[in-house]
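Given next are the chains, with one letter for each unit.
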Amino acid sequence: MPELVLWDIDHTLMATRGVGGELWAVAFEQVTGLPLREQASVTGSTERVILRETTRLHGVDYDEALFARFSDALGAVHVRRAGELRERGHALPGAAAALAAIEERGVRQSVVTGNVRVAAEVKLAIFGLDSYVLLGEGAFGEDGEGRPELLRKALTRAGVTASKAVFLGDTPADVEGGHAAGVRVVAVATGKTPAAELREAGADVVLDSLANTAQVLKAVLA
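All values reported here derive from a predicted model rather than from experimental measurement.

What follows covers the packing of aromatic side chains. Counting across every chain of the model gives 2 aromatic pairs. Seen from their ring centres, tryptophan 24 and phenylalanine 28 are 5.7 Å apart, and the 15° between their planes marks the pair as stacked. Of this pair, tryptophan 24 and phenylalanine 28 both sit in helix α1 (residues 19–32), 4 residues apart, roughly one helical turn. Like phenylalanine 28, tryptophan 24 is buried. Members of the aromatic cluster, connected to one another through ring pairs, are Trp24, Phe28 and Phe70.

The structure is reproduced here in structure tokens:
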């Protein structure tokens, strides 16, 4: 039985159905003064990396001060438009039931996500998932650039060794990052990556979805 279960957020627990990208564009224009023409790849990445690569596409100099302003702006626009996120987005089938079932078995849970913390908090709250996770034991976009760094940060905050943790995500980057951090990975094919590619990436277990709670428990708590 693991001591800690760590969850990715976007396309693992929920889908924002385009709203997230719209809010990102608002924050980008606010801090750079430029409309978003093109965004760097977001799949499996973190906000820091996405912003750095996107500013390069727009000829804007990147530094940590810019990222700090962007993080504040992105968090604030998520708070302002939480209602729109709720209306257009949704928790993925089985997400709440899986979280509740793991909690019932006394296993701590948190999140490891490329989202900045305020945005993550808003998303979890509006879809009713926040009560299941210990946010203080997670890691967010402000905490590093890649999944391995974020996972190690979360493990340190939770006081758990890698061998006692499980990470659930939906991209090859999640799989590779989990293994780089020494964490067992359960991949869910609920995002853009098919199950076959997640297996090829080396996921320890691959699920088609979270809809079957018993199947999720077997995969996570084995």
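Having seen it, we continue.
The subject of this paragraph is the side chain of serine 110. For serine 110, the position within the fold is in strand β4 (residues 108–111). For serine 110, a relative accessible area of 0% translates into the label buried. Reaching out from serine 110, the side chain makes a polar contact with the backbone nitrogen of glycine 138 at a distance of 2.9 Å. If sequence neighbours within four positions are ignored, serine 110 has contacts with Leu4, Val5, Leu6, Trp7, Val133, Leu134, Leu135, Glu137 and Gly138.

With that settled, the discussion passes to the pairing of strand β1 (residues 4–7). Judged by which residues are buried, β1 turns out to be covered on both faces: Leu4 and Leu6 on one side and Val5 and Trp7 on the other are all buried. Summarising the sheet, β1 and β4 pair through 4 bridges and their orientation is parallel. Residue tryptophan 7 lies in a different strand from β4, and its bridge partner there is valine 111.

Taken in spatial order, the 5 strands line up as β4-β1-β5-β6-β7 in an open sheet, and their pairing is parallel. Edge positions in the open sheet fall to β4 and β7 (205–207), since each of these has one partner strand only. Looking at each pair of strands side by side, their axes are set apart by 20° on average, direction ignored. In this structure, β1 lies alongside strand β5 (residues 165–169), joined through 4 bridges in parallel fashion.

Here is what the cut-offs are and how they apply
Residues numbered from 1 in each chain as written. Predicted model: local features only at pLDDT ≥ 70, side-chain atom pairs only at ≥ 80, totals over all residues. Heavy atoms only, no water. Phe/Tyr/Trp six-rings, centres within 6.5 Å; stacked < 30°, edge-to-face > 60°. Helix = DSSP H or I, 4+ residues; strand = E, 2+ residues; numbered from the N terminus. Buried < 20%, exposed > 50% of the residue type's maximum accessible area, 1.4 Å probe, protein only. Polar contact = N/O pair within 3.5 Å; in protein donor to acceptor, adjacent residues only side chain to side chain. Contact = heavy atoms within 4.5 Å. Pairing = 2+ DSSP bridges. Axes fitted to C-alpha atoms, helices over the stretch in contact; angles between N-to-C directions.

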